[in-house]
Amino acid sequence: MDNHYAPLVILTDDDRAIANAYTKVLKLMGTKHHLCQWYLMKNVIKNLCSKLDSNWLAFIKDLYKCLKEIDIQKFLTY
């Protein structure tokens, strides 16, 4: 890979091997790394479901509504 073909962004889960490769190669080429929506949602469910208890369904409905929103201003108002 050279700078001409380096991806601008990569989306991954929290895999250590990918994180190491990103740090050693892609980060130096200007590629941005973000966690994918699947991984983020997995952690939202794992960490918030029991804490929100009866508010969970309303919360997750609003969260998915935000995720589907394209307009940044509308997203920020939810």
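Parameters at a glance
- Residues numbered from 1 in each chain as written.
- Predicted model: local features only at pLDDT ≥ 70, side-chain atom pairs only at ≥ 80, totals over all residues.
- Heavy atoms only, no water.
- Helix = DSSP H or I, 4+ residues; strand = E, 2+ residues; numbered from the N terminus.
- Rg over C-alpha atoms; globule rule 2.2 N^0.38 Å.
- Buried < 20%, exposed > 50% of the residue type's maximum accessible area, 1.4 Å probe, protein only.
- Contact = heavy atoms within 4.5 Å.
- Areas by Shrake-Rupley, 256 points an atom, 1.4 Å probe, with all protein chains shown as cover.
- Pairing = 2+ DSSP bridges.
- Right-handed = clockwise from strand over helix to strand, strands pointing away.
- Phe/Tyr/Trp six-rings, centres within 6.5 Å; stacked < 30°, edge-to-face > 60°.

1. Concerning the overall build of the protein
- A count of helices and strands for the protein gives four helices and two strands.
- When the helices and strands of the protein are listed from N to C terminus, the series reads β-α-β-α-α-α.
- Since a compact globule built from 78 residues should have a radius of gyration of about 12 Å, the 17 Å found for the protein marks it as more spread out than a globular shape.
- Each of the three principal axes of the protein carries a C-alpha extent, and together these read 50 × 30 × 10 Å.
- Taking all 78 residues of the protein together, 18% fall into the buried category.
- The contacts of the protein with a sequence gap of at least 6 include a subset with a gap of at least 24, amounting to 29%.
- Only carbon and sulfur atoms are counted for the fraction: they give 60% of the accessible area of the protein, which is about 6500 Å².

2. Topic: the pairing of strand E2 (residues 32-35)
- Relative to E2, strand E1 (residues 9-12) runs parallel, the two sharing four bridges. Looking across to E2, one finds that Leu11 is bridged to His34.
- Since E1 and E2 lie parallel, the crossover through helix H1 (residues 16-26) that links them has a hand, and here it is right-handed.

3. As for the packing of aromatic side chains
- The tally for this structure, following the rule as stated, stands at one aromatic pair.
- Pairing Trp56 with Phe59 gives two aromatic rings, centres 5.8 Å apart and planes at 40 degrees, and the pair type is tilted. Linking Trp56 with Phe59, this pair stays in helix H3 (residues 56-68), spanning three residues, or about one helical turn.

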